[in-house]
Amino acid sequence: MAKKKNTKQEKRKEKKEGGFFKSLKAFLANERTQYITGLIICLFTIYIGLALISFFFTGGADQSKIENVPLSDLVAYKGSVENWTGVRGAYLADLLMNQWFGISSFLILIFFGTLGARLMKLTKANLLKRFLFCGSMMIWGSVFLAFLFVKGYEDTFVYLGGLHGYYISEWLISNIGIPGTVLLLLGTGLIIAIFSSKRTVPFLQRLLSFGWMKRKKKKEKPEEPEFQFGENEPEEVMDNPESDIYRFAEDDDHEVTFEVNVPKDEEYIPEIQEEQEPEEDNEEDMPFTVDVPEGDTEEMDPADMEPYDPKLDLSSYRNPSVDLLKKYDMKDYQVDMEEQTANQRRIKQTLENFGINISSIKATVGPTITLYEVIPEAGVRISKIRNLEDDIALSLSALGIRIIAPMPGKGTIGIEVPNKDPQIVSMQSVIASRKFQECKYELPIALGKTITNEIFMVDLCKMPHLLVAGATGQGKSVGLNAIITSLLYKKHPSELKFVMVDPKMVEFSIYAEIERHYLAKLPDMDKAIITDFTKVIHTLNSLCKLMDDRYDLLMKAHTRNIKEYNEKFINRRLNPNKGHMFMPYIVVVIDEFGDLIMTAGKEIEMPIARIAQKARAVGIHMVIATQRPTTNIITGTIKANFPARMAFRVTSMIDSRTILDGPGANQLIGRGDMLFSQGNDMVRVQCAFVDTPEVESISTYIGEQVGFPTAHLLPEYVPEGESSAPGNIDLSDRDPLFDEAARLIVLQQQGSTSLIQRKFAIGYNRAGRLMDQLEAAGIVGAFEGSKARQVLIQDEYSLEQLLNGLK
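Residues numbered from 1 in each chain as written. Predicted model: local features only at pLDDT ≥ 70, side-chain atom pairs only at ≥ 80, totals over all residues. Heavy atoms only, no water.

### Points about the environment of valine 618
Item 1. Relative to the elements of secondary structure, valine 618 occurs in the loop between α20 (602-614) and β15 (620-626).
Item 2. The spatial distance from the C-alpha of valine 618 to the C-alpha of aspartate 549 is 9.5 Å, given a sequence separation of 69 residues.
Item 3. Residue contacts for valine 618: discarding those within four places in its chain leaves Met547, Arg550, Tyr551, Leu554 and Ile562. (Helix = DSSP H or I, 4+ residues; strand = E, 2+ residues; numbered from the N terminus. Contact = heavy atoms within 4.5 Å.)

This is the structure we're talking about:
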């Protein structure tokens, strides 16, 4: 009985569920429902279309308001965006045009418009075919436009192919080159066209046949026909519409033209004439002769050679991903309008208490500072407002304010007031920004955000050297990490090397894992991070030698700077057999410059000054930091050669004047608040925060990838008096590699210890002893400081005689 009861309940339940689905199906199949749904889709498509069209006129103005800002935060802007369709339309337009598929996103509108029209019974188009066509053309068009205009929009707000097309085209170019990418785009475009229309194949056949016939007519001279017509035969041929031989017609200019009339059931197959083999090229037309390993010579035109790729040795290397950086939750942040209004009222009241009337005041909110721009009434002296700095700070109960009177390029006076609730500027938000991802700087550094919430970036190549100073705990070390992290995210290991000096022994140890990828060191050093004062002196002098060597190469190549030189080398216009090589940029980062100056003094200052004066053109740049910005540390020589300054908070105005040649750094609030000065311009920036675990993750990510066999080796440097005297060398106890090392030195005509070390894979000490033995044997000359030793034996025959005499 119970079983029957359960069976009835199950049937009742199934009947109920079946009725629901039937009702739903009937509702969806209803013509009125479909018409309303189609109408809604069409209206939404028109809305998106207006947003995309408006983007071309208003996207530049809206860029700073919607970039890297969540949609939930954008609603707070309300009507402040310029896009015709409001905040949400501006967000969708930026998403489709820049983040996704660029101009090809209009194909989305075509599909949804077709879908809406189909539901409204306005068309009978095949939705599946329309979907496949729009989808494939959208992807193809995105990649095509990004490839076509990859160099065309560094200074514009719109990606014609979107980030989707940009990244795919960059990946294709790096893997199959520009010709391969062109062929791939052409092939996929033709495939899409063939599947989209039945007329494509006949059109291509007609096009190719016409091109072949045109080419044949140019190559062949017209020959007389092998047959002769009688008097009435031409007329008979013209009167016969089914004739399969030549028909004659006469045009208005009385010229005879030919027309081939082929019967419908036959295929016209033109005769193929064998082309003549081209004449052999004259050897005088081939300007370059390249030596091949067998000793033969081979004529080669550099234009026909593939450009040199410096990244080829580490072709599988991938730059760190943005996911390694911590993303801080900023969704709940809203501008405190009450705080702004109260501060504006207090500033105005304080100024009026001292007899200063203002005509207007407006606020610009930054992550940690709000800038209040004041326009005083006519007749008010600027110096009078500047002297009220402490009084305004007292009325606002602020930690410290800074008055900029007047604002550069504006007719206003700026009053910078710290926010009660400062926000963190994460390194993730800066690195992930479009400004950083799209920048074309040679050595891009993303420092943080300005008062107007704009990403602040500089090019180290244009500085060309940077001085960083600030009191302990004010963000100096974080600033150095931000500089290094920016470069690691942008440059390939073959393009950039770091020389890291860390007297405190703890700041740069987290970068030890990237030694075989990005670090440079002396040949005799065990670790690339330099902590010993003596090694610092040797490394700086080695960099001076490297600078001189690079200038020699630039002179031989007839170039003025490293960029021109590398461009010539990549285009195979410089011969590696003559000593030319691809030059990576070298960035020297010194963490605590004050300790070095106090310990070594002039021995440190002089090579730094020499590098700072000359090394810019050969790609060597310096970043030095100190927590003691006093005049005996930052001397006049250092300041004269470091035009770019980064000043974090200091304790006194004297220290601020030492760094910036003016006050301001003593009025900062700390925790990454800094002033950046380059020339006459001074910008207040909230430095991007990158924590130690984030840097460790980046170093680990890089260190786990395949690297070079060793760190980048700098030229050897041996101070005077440290090499062994030749008279103390016992040539009867020569190194087993002595003969081979001698042949290497004479063959290369280069007396270099690092050359011996590199060729024979031996340690620096053994290579140094070999060099001393070669000097004692009279094969190389004496040590000459930073210069390479002179090779005294000029040919192998003389060398073999000397070696036989030693035996």
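### What about the nonpolar core?
Item 1. Within the largest apolar cluster, 102 residues are counted, with the highest numbers of intra-cluster contacts made by Phe498 and Ile604.
Item 2. Sorting elements by how many residues they give to this core places helix α17 (residues 533-557) first, with 10 residues.
Item 3. Beyond its immediate chain neighbours, meaning those up to four positions away, phenylalanine 498 contacts Ile484, Leu487, Leu488, Tyr518, Leu519, Ala520, Val587 and Val589.
Item 4. With 22 residues, the next largest nonpolar core counts Leu737, Ala742, Val746 and Val780 among its residues. (Core = buried A, V, L, I, M, F, W, Y, C linked by side-chain atoms within 4.5 Å. Buried < 20%, exposed > 50% of the residue type's maximum accessible area, 1.4 Å probe, protein only.)

### Structural notes on the confidence of the model for the protein
Item 1. Per-residue pLDDT for the protein has a mean of 80; in total, 80% of the residues score no lower than 70.
Item 2. In the model, residues 221-299 has pLDDT below 50 throughout and makes 61 contacts with residues more than four positions away in sequence or in other chains. (pLDDT = per-residue confidence, 0-100.)

### Some details on the pattern of salt bridges
Item 1. Under the counting rule described, the total for this entry stands at 23 salt bridges.
Item 2. The closest approach of N and O atoms between arginine 402 and glutamate 416, which form a salt bridge, is 3.0 Å. Here the residue arginine 402 occupies a position in strand β7 (residues 402-404), and glutamate 416 occupies one in strand β8 (residues 413-418), the gap between them amounting to 14 residues. Comparing arginine 402 with glutamate 416, the two get one shared label, buried.
Item 3. Salt-bridge contacts for aspartate 735 lead to arginine 766; the nearest nitrogen and oxygen are separated by 3.0 Å. A residue pair is termed long-range when its members are at least 10 positions apart, and aspartate 735 in the loop between β19 (712-713) and α24 (738-748) and arginine 766 in helix α26 (residues 764-776) qualify at 31 residues.
Item 4. The class for arginine 766 is partly exposed, based on a relative accessible area of 28%.
Item 5. Salt bridges sharing partners connect three or more residues here, namely Arg402, Glu416, Asp673 and Arg684. (Salt bridge = Lys/Arg side-chain N within 4 Å of Asp/Glu carboxyl O.)

### Observations concerning the environment of leucine 186
Item 1. Summarising the element assignment, leucine 186 is placed in helix α7 (residues 162-196).
Item 2. For leucine 186, a relative accessible area of 51% corresponds to the exposed category.
Item 3. Residues leucine 186 and tryptophan 140, 46 residues apart in the sequence, show an inter-C-alpha distance of 9.9 Å.

### Remarks on the sheet that holds β8
Item 1. Spatially, four strands are ordered β5-β6-β8-β7 in an open sheet, and the strand pairing comes out antiparallel. The two strands at the open ends of the sheet, each matched to only one other strand, are β5 (358-365) and β7. Geometrically, the sheet is characterised by an average inter-axis angle of 20° between neighbouring strands, direction not taken into account.
Item 2. Bridge count for β7 against β8 is three bridges, and the pairing is antiparallel. By the bridge assignment, isoleucine 403 is partnered in β8 with isoleucine 415.
Item 3. Helix α10 (residues 337-353) contacts β5, β6 (369-376) and β8 of the sheet and is inclined by roughly 145° relative to β5. (Pairing = 2+ DSSP bridges. Axes fitted to C-alpha atoms, helices over the stretch in contact; angles between N-to-C directions.)

### Describing unusual backbone geometry
Item 1. A cis amide bond links methionine 463 with the next residue in sequence, proline 464, at an omega value of -5°.
Item 2. Residue lysine 121 is not a glycine yet carries a positive backbone phi of 60°.
Item 3. Its place among the elements puts lysine 121 in the loop between α5 (106-119) and α6 (127-148).

### Re the pairing of strand β17 (residues 673-678)
Item 1. Where burial is concerned, most of β17 is hidden: five out of the six residues are buried.
Item 2. When strand β16 (residues 644-647) meets β17, the two strands line up antiparallel, connected through four bridges. In the sheet register, alanine 644 faces β17, and the bridge partner there is glutamine 678.
Item 3. Of the strand pairs in this sheet, β17 and strand β18 (residues 681-687) are connected by six bridges, and their pairing is antiparallel.

### A short note on the pairing of strand β12 (residues 496-501)
Item 1. Counting buried positions along β12 gives six out of six residues, so the element sits mostly inside the fold.
Item 2. Every second residue of β12 is oriented toward a common face, with Leu496, Phe498 and Met500 on one face and Lys497, Val499 and Val501 on the other, all of them buried.
Item 3. One ladder, built from six bridges, connects β12 with strand β14 (residues 585-590); its direction is parallel. What sits directly across from leucine 496, in β14, is tyrosine 585.

### Side note on the sheet that holds β15
Item 1. Strand order across the open sheet formed by nine strands is β10-β9-β18-β17-β16-β11-β15-β14-β12, with mixed pairing between neighbours. Two strands in the sheet have a free side with no partner beyond their single neighbour: β10 (455-459) and β12. Going across the sheet, the axis of each strand differs from the next one's by a mean of 25°, ignoring polarity.
Item 2. Pairing of strand β11 (residues 466-469) with β15 involves four bridges; the strand directions are parallel.

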